[in-house]
Amino acid sequence: MTTPVTYLASLGNDAVTAIAGYVWLTRQRLDVGQVILVQDTPDDAGWDAVRDRLGRYLHHQGARLHLLPSRPTGELMSALAPLVQGQLIANVTGGNKMNMLRVLHAAASLGASLTFLIDSHGGATRILGADSGQTIDTPGSFLPPDLLLNLYADLGEQHVLQPGDLTPAQRGCHEQFYVGSGQLVQFGGDRFSYVLRGTVPHILLLRSPHTHRNLQTGIRKAASTFTRLGGQLAQGYLAPHRDVSQQDHYVRLAAGQGLRVLEGPVRDAAAPAPTPAPALPVLGHLPRTLAVLLGAQPMPALSDFDPALYDRVLLLAGEHRGVQAAARRLVTLLDARCPSHDVRVLAVSNHDASTVRAAVNHAAQHTDALTLNLTGGTKNMALAATFAAPPDATLTYSSGPRVLDLRSERFLPRAPLALTPGELLAVQGVRLRDGSSPAPTFHPDLFEAAWRLVRQKGNHNIHEFHQLWNVAFPGQPFKPLDSKHDFTRVIGKAREYLVFWSARQHLGPEWAVIHEPTLEQLTFNPVTGQDEGVYPPVLKTPDLLLVRDQILYVAEVKPSFEQAFDGQHQEQHDTYQFGQTLGRFTVSLIIVTELPAGTDFDASVRERQGYKFQLYVHNVRAAEARARGLRVFPDDLRGP
């Protein structure tokens, strides 16, 4: 008779990692009776449906599902203890690192016999020991496609396609790029098609978003659907671009969303081959060291770097090109601003946990006090660093601009570097062009005219603002008002002028307010060792850029929420995409100057399409707006 097993798993923004761990355990002939998922996922209708299906599946398999919200480790242990029956095995793959580490520590305290994570970097799935980072198993195909289809049925109408169902274009793509057996499944009518197969599973988007009016938005929508379906254990593919001249740009946009463009047949990849351990630099002994697991976003390192608290900064950087570029930009900035500090890059491998452990040990041996920031890098790297850290090391995690002590789960005081907007953008690979629009001078009569026009769009108010603008700014005149389009442009300019000067007048001196900046995305050229503009250039000109305490706010000003999300305007989509590129230290804003007509606005469309904006109203009745649950700009402006 087998011993009953309690399966504990951290759950993030997809259920695939949790269900994959369960399936793997059952393939080991273990009697899994209790399944406990500790979740940090949002409570929305789509995820309620996924959790319901997951519960029904586990019940059908003879297991009982318990769902617990993520909570501090001590509270989590108290909630878990009565539920654990028999042997405890934990899966720490899903969720953010904070949730992962909470489950890790709770499992260790409750005597887990095995704690593992599932890794699919490099295209091959491996079961890794959380403490060692070493491979426990390399399972074959064990995720049934019909299970995933059942979990994500809410993505839209779906059916398994037979070869005869394929269009000639789909059949050609399928035959050219897909090798192996599996089900070809179509979601949401004929918009996209996917191949699900094997362990990873690979997901092949047979239709690429070439015909989408905005290619960047089309790729982002494809990636959003892919993430919901495949999660972190899958690799999404797009068909090649039909226009060869656009291929490089297309590949870069896809890579930015975690997708690959097909260049040959899709095959199961072998586990990444071991690489020689990187050489560690010679270090002298310094009292206080900050070691940072670095990802492609440099800001977590800067939020934890208080010049008064450290003598040395060590950047543990993996092989990824974006991580290497972030490390180089950080070294350039810190060498210029803090020349007395020792700033080094320690090379580690994303696929070899032993290199991370060696780097952490090396750092600890050459300092009296070590702080280890675990925000960047992969979860496997974070686990390796956690187990290698000495008991007296401070383990931290950057939650936006704040720094959390992972042991005490308290926020730590930090006085990070004060950066100019140009420095803040440059360290993230963005150039603030000199040709950005100059800030318009404040003219009280023009400001009042803008206020009247935005409140009441009559012809008299339009002509009044038009005339006052041309007098105030003869170098930037409006052309004569000959069409409805000209009227719309004047109203839009009045709206932007009003919001800009309201921000300048009401926000404190710690805020930088920049009018219509032209921002150019840069990429690191390893040949020249310099950041260079990508081609075609990725430019973004938001209506407003606000900067405070290392946080960037990119804003679009619209007349209403309905117009902001009617699908016809691409500016706000591009603003969101730009904010996503810069990461969690950037906030995307939509500022509107009209209250929604109904009792509330259609937030379901905004959430369903994945736009994560902060929404504000301006130039409206503040009390009424707040009573309806809306924020008022700039009074209620908040950080991430």
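Note that the structure is a prediction, hence the values are computed from the model and not measured. (Residues numbered from 1 in each chain as written. Predicted model: local features only at pLDDT ≥ 70, side-chain atom pairs only at ≥ 80, totals over all residues. Heavy atoms only, no water.)

(A) Quick peek at the sheet that holds strand E19 (residues 402-405). As summarised here, the arrangement of the seven strands in space is E16-E15-E14-E17-E18-E19-E20, forming an open sheet in which the pairing is mixed. Both edges of this open sheet fall to strand E16 (342-347) and strand E20 (410-412), since each of them pairs with a single strand only. Averaged over all adjacent pairs, the angle separating strand axes in this sheet is 30°, with direction ignored. Taken together, the three bridges between E19 and E20 define a ladder with antiparallel strand orientation. (Pairing = 2+ DSSP bridges. Helix = DSSP H or I, 4+ residues; strand = E, 2+ residues; numbered from the N terminus. Axes fitted to C-alpha atoms, helices over the stretch in contact; angles between N-to-C directions.)

(B) A look at the packing of helix H3 (residues 73-80) against helix H4 (residues 97-109). Look at H3 against H4: their axes get within 9 Å of each other, and the N-to-C directions meet at 50°. One element, H3, and the other, H4, form an angle in the oblique class. Two packed elements cross with a definite hand, and for H3 against H4 that hand is right-handed. Seen from H3, the contacting residues are Thr73, Leu76, Met77 and Leu80; seen from H4, they are Arg102, Val103, His105, Ala106 and Ser109. (Parallel < 35°, antiparallel > 145°, perpendicular 65-115°, else oblique. Left-handed = near helix turned anticlockwise from the far one by under 90°. Contact = heavy atoms within 4.5 Å.)

(C) Just the sheet that holds strand E7 (residues 135-137), in detail. In space, the seven strands of this open sheet follow the order E3-E2-E1-E4-E5-E6-E7, with mixed pairing throughout. Every other strand in the sheet has two partners, leaving strand E3 (64-69) and E7 as the edge strands with one partner each. Neighbour-to-neighbour, the strand axes of the sheet open up by a mean angle of 30°, direction not taken into account.

(D) Inspection of the nonpolar core at higher detail. In terms of nonpolar packing, the biggest core is built from 72 residues, with Phe465, Leu546, Leu589, Phe633 and Leu637 touching the most fellow members. When residues of this core are assigned to their parent elements, the largest contribution, ten residues, is made by helix H16 (residues 484-506). For Leu637, the residues in contact, after removing those within four places along its chain, are Leu507, Trp511, Leu546, Tyr553, Leu589, Tyr616 and Val632. Formed by 46 residues, the second largest nonpolar core is a distinct cluster that contains Ala90, Leu370, Ala385 and Ala393. (Core = buried A, V, L, I, M, F, W, Y, C linked by side-chain atoms within 4.5 Å. Buried < 20%, exposed > 50% of the residue type's maximum accessible area, 1.4 Å probe, protein only.)

(E) The arrangement of the pairing of strand E15 (residues 312-317) in detail. Taken across its six residues, E15 has six buried, putting it largely inside the fold. By the alternation rule, side chains of E15 split into Arg312, Leu314 and Leu316 and Val313, Leu315 and Ala317, which are all buried. Bridge count for strand E14 (residues 286-294) against E15 is six bridges, and the pairing is parallel. Note on E15: the bridge partner recorded for Thr289 is Arg312. In this fold, the crossover linking E14 to E15 by way of helix H9 (residues 299-304) has right-handed handedness. (Right-handed = clockwise from strand over helix to strand, strands pointing away.)

(F) Quick peek at helix H12 (residues 379-388). The buried fraction of H12 is high, at nine of ten residues. Of the positions making up H12, those classed as buried are Lys379, Asn380, Met381, Ala382, Leu383, Ala384, Ala385, Thr386 and Ala388.

(G) View of the packing of H4 against H12. Taken N-terminus to C-terminus, the directions of H4 and H12 make an angle of 45°; their axes are 11 Å apart at the nearest point. Here H4 is positioned oblique relative to H12, judged by the angle of their axes. The two elements H4 and H12 cross, and the hand of that crossing is right-handed. Seen from H4, the contacting residues are Lys97, Met100, Leu101, Leu104 and His105; seen from H12, they are Lys379, Ala382, Leu383, Thr386 and Phe387. Among the residues making up the contact of H4 with H12, the classes are represented as six nonpolar, two polar and two charged. (Nonpolar A, V, L, I, M, F, W, Y, C, P; charged D, E, K, R; others polar.)

(H) Up close: the packing of aromatic side chains. For the structure shown, the criterion picks out eleven aromatic pairs. Where Phe442 meets Trp501, the ring centres are 5.0 Å apart and the plane angle is 55°; that geometry is what we call tilted. Of this pair, Phe442 sits in the loop between strand E21 (430-432) and helix H14 (444-455) while Trp501 sits in helix H16, and the two are 59 residues apart along the sequence. With a relative accessible area of 28%, Phe442 lands in the partly exposed category. Trp501 gets classed as buried once you look at its relative accessible area, which sits at 11%. A centroid spacing of 5.9 Å and a plane angle of 85° characterise the contact between Trp469 and Tyr497, whose relative ring orientation is edge-to-face. In this pair, Trp469 is assigned in helix H15 (residues 459-472) and Tyr497 in helix H16, connecting sequence segments 28 residues apart. (Phe/Tyr/Trp six-rings, centres within 6.5 Å; stacked < 30°, edge-to-face > 60°.)

(I) View of the side chain of Ser398. Mapped onto the secondary structure, Ser398 falls in strand E18 (residues 394-399). At a separation of 3.1 Å, a polar atom in the side chain of Ser398 contacts the side chain of Asn373. Not counting the four nearest positions on each side in its chain, Ser398 is found in contact with Pro300, Ser303, Asn373, Thr375, Val403 and Arg584. (Polar contact = N/O pair within 3.5 Å; in protein donor to acceptor, adjacent residues only side chain to side chain.)

(J) Fine view of the pattern of salt bridges. Summed over all chains, the structure comprises eleven salt bridges. Arg414 is the salt-bridge partner of Asp304, the closest N and O atoms lying 2.8 Å from each other. Here Arg414 lies in the loop between E20 and helix H13 (421-426) and Asp304 lies in helix H9, a separation of 110 residues in the sequence. Of the charged contacts, one joins Arg548 and Asp549 as a salt bridge, the two residues approaching to 3.5 Å between their closest N and O atoms. On the basis of relative accessible area, Asp549 is assigned to the exposed category, the value being 56%. A network of salt bridges, in which partner residues are shared, links Arg312, Asp342 and Arg344. (Salt bridge = Lys/Arg side-chain N within 4 Å of Asp/Glu carboxyl O.)

(K) Just H14, in detail. If you check H14, its first and last C-alpha atoms are 17 Å apart, about what twelve residues at 1.5 Å a residue would give, namely 16 Å. Turning to H14, its buried residues number three or more, namely Leu446, Phe447, Ala449, Ala450, Leu453 and Val454. Around the axis of H14, the buried residues are gathered within 160° of arc, so they sit on the same side. (Expected span 1.5 Å × (residues − 1). Arc of directions from axis to C-beta.)

(L) Representation of unusual backbone geometry in the model. Each neighbour pair has its own omega, and for Phe633 with Pro634 the value is 0°, a cis peptide bond. Checked against the element boundaries, Pro634 lands in the segment after strand E30 (631-632). If you check the backbone angles, Asp549 has positive phi at about 50° while not being a glycine. If you trace the backbone, Asp549 turns up in the loop between strand E26 (544-548) and strand E27 (551-558).

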